[in-house]
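Listed below, chain by chain, are the residues.
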Amino acid sequence: MTDIISVPARKPARPHFSSGPCAKPPGYAPEKLNTEALGRSHRAKIGKTRLAYCIDLMREVLQLPDTHRIGIVPGSDTGAFEMAMWTMLGARGVTALAWESFGEGWVTDAVKQLKLEPTVFRADYGQLPDLDKIDWSDDVLFTWNGTTSGVRVPDANWIPADREGLSFADATSAVFAYDVDWSKIDVATFSWQKVLGGEGGHGVLILGPRAVERLENYTPAWPLPKVFRLVSKGKLAEGVFKGETINTPSMLAVEDAIFALEWAKGLGGLEGLKARSNANAHALDKIVAERDWLGHLAVDSGTRSKTSVCLTVEGADADFIKKFAAVLEKEGAAYDVAGYRDAPAGLRIWCGATVDTADIEALGPWLDWAYATVKAAA
């Protein structure tokens, strides 16, 4: 592989492999969006109707039970998760799980911002901590799918049905790609720009009945900014979960999300999305298995992400990966495939449902070419 090899003949038709914002759904074009609500108040009938429709579509595609509320909130997944932390933590002990950078960010919030003293379970990139050691008398914070490490929880079986604390799942790279046992989830958050390929700026907050009970019966010790306030006069602000957003949303971003959700519904909903993601991950697994210089950062296939797949590259450091990604981008063969800046040097290939399997398959020869090209120039 140290000799220059021929430039592959076929490029991925859509070389968008970023892990956020992710590839748009196949067939997407801005002119296909419904624009009737643009320039209108989001509180007018047309705005409320479109927001409520977006929420209804998310519920339908996610197969979210009626026990759980779903709302559109400010600040992407980060805003949604911090909203949950700031409004509900402090009522009991906290356990935080960190096996990648975003989970580590929630630890920082709990310790340095909220001044809590959480129990922290950490694992190196590519691994999970021991989930059986968690004390569920605490509230527990975790990422369902670690976008920057390529590691996910295997399922929800490790979460007890009779837990005392609340389960807080940062599920931004997991929803629409895996089965989620919603009876085990009290709080979940995500953003449209991951598995739906939507635009940024808005988060989605899902609350189970135990989370609502916490909100209505607990007042945190710290002040809450307006965009975090989910309770009015001791009762949940139900309007937030019917399309009456706390602050002004981008209706263009909402329409963009609606396009993706209608596309997903046309695939057969969640089952269709999972099938596409699984096929993509399988195609990338095949590429890795055929190359001795490529490997999975997450060695255990049972906890390996099927969306944000992180790969190791033999002998590569950060500079090598930067050059590797740059030559692919210059050729228009693959965009944004370098691993996350805090992760070990390697590649990260998004395999969510908005990516076409044929484009993953076409990527293999280009990875060979980039690897040989960068090594030859070293």
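Note that the coordinates shown come from a computational prediction; the quantities given were computed from them, not determined experimentally. (Residues numbered from 1 in each chain as written. Predicted model: local features only at pLDDT ≥ 70, side-chain atom pairs only at ≥ 80, totals over all residues. Heavy atoms only, no water.)

Caption draft 1: View of the sheet that holds strand β1 (residues 69-74). If you walk across this open sheet you meet the seven strands as β1-β9-β8-β7-β4-β2-β3, and the pairing is mixed. Of all strands in the sheet, those bounded by a partner on one side alone are β1 and β3 (119-122). For this sheet, the mean inter-axis angle between neighbouring strands, taken without regard to orientation, is 20°. Pairing geometry for strand β2 (residues 94-98) and strand β4 (residues 139-143), over three bridges, is parallel. Across the sheet, residue Ala96 finds its bridge partner in β4, namely Leu141. With respect to the sheet, helix α1 (residues 45-62) is in contact with β1, β8 (187-191) and β9 (202-207), its orientation differing from that of β1 by roughly 125°. (Pairing = 2+ DSSP bridges. Helix = DSSP H or I, 4+ residues; strand = E, 2+ residues; numbered from the N terminus. Axes fitted to C-alpha atoms, helices over the stretch in contact; angles between N-to-C directions. Contact = heavy atoms within 4.5 Å.)

Caption draft 2: Representation of helix α6 (residues 270-289). Taking 1.5 Å as the rise per residue, α6 with 20 residues should run 28 Å; its terminal C-alpha atoms sit 28 Å apart, in good agreement. Next to the buried residues of α6 lie α1, α5 (251-266), β12 (294-296), β13 (308-313), β14 (347-350) and α8 (357-377). (Expected span 1.5 Å × (residues − 1).)

Caption draft 3: Local environment of the side chain of Asp109. Looking at the secondary structure, you find Asp109 in helix α3 (residues 101-113). Here Asp109 sits buried without a salt bridge, and the closest side chain of opposite charge, Lys112, lies 9.8 Å off (N-O distance). With sequence-adjacent residues up to four places away left out, Asp109 is seen in contact with Glu82, Met85, Trp86 and Leu114. (Buried < 20%, exposed > 50% of the residue type's maximum accessible area, 1.4 Å probe, protein only. Lys, Arg positive; Asp, Glu negative; His and termini not counted. Salt bridge = Lys/Arg side-chain N within 4 Å of Asp/Glu carboxyl O.)

Caption draft 4: Representation of the pairing of β4 in the model. Here β4 lies mainly inside the structure; five of its five residues are buried. Judged by which residues are buried, β4 turns out to be covered on both faces: Asp139, Leu141 and Thr143 on one side and Val140 and Phe142 on the other are all buried. For β4 and strand β7 (residues 167-170), the ladder comprises four bridges, and the chain directions are parallel. Bridge assignment links Leu141 to a residue of β7, and that residue is Phe168.

Caption draft 5: Fine view of the pattern of salt bridges. Per the counting criterion, the structure on display carries 19 salt bridges. Of the charged contacts, one joins Asp179 and Lys274 as a salt bridge, the two residues approaching to 2.7 Å between their closest N and O atoms. With a gap of 95 residues between them, Asp179 in the loop between β7 and β8 and Lys274 in helix α6 connect regions that are remote in the sequence. Take Asp179: its relative accessible area is 51%, and that puts it in the exposed class. Its relative accessible area of 10% is what places Lys274 among the buried residues.

Caption draft 6: Up close: a positive patch on the surface. A cluster of basic residues, Arg43, Lys48, Lys226 and Arg229, forms a positive patch on the protein surface. Looking at where Lys48 falls in the secondary structure, it is placed in helix α1. Given a relative accessible area of 35%, Lys48 falls into the partly exposed group. (Patch = residues over 30% accessible without salt bridge, like charges linked within 9 Å, V, L, I, M, F, W, Y side chains within 5 Å. Areas by Shrake-Rupley, 256 points an atom, 1.4 Å probe, with all protein chains shown as cover. Charge placed at Lys NZ, Arg CZ, Asp CG, Glu CD.)

Caption draft 7: Quick look at the sheet that holds β14. As summarised here, the arrangement of the three strands in space is β12-β13-β14, forming an open sheet in which the pairing is antiparallel. Looking at strand neighbours, the two that pair on one side only are β12 and β14, the edges of this open sheet. On average, each strand axis in the sheet is tilted by 35° relative to the strand beside it, whichever way the strands run. Looking at chain direction, β13 and β14 are connected through four bridges and run antiparallel.

Caption draft 8: Molecular detail of empty space enclosed by the protein. Scanning all chains against the criterion turns up one cavity of 30 Å³ or more. There is about 60 Å³ of room inside the largest cavity. Residue lining of the largest cavity: 13 residues in total, with Leu297, Cys310, Ala343, Pro344 and Leu347 positioned closest to the centre. Secondary-structure elements contributing two or more residues to the lining of the largest cavity are β13 and β14. (1 Å grid on protein atoms, 1.4 Å probe; cavity = no way out; pocket = protein on both sides within 12 Å on 5 of 7 lines; lining within 4 Å. Points joined across faces, edges and corners; volume = space filled by probe spheres on them.)

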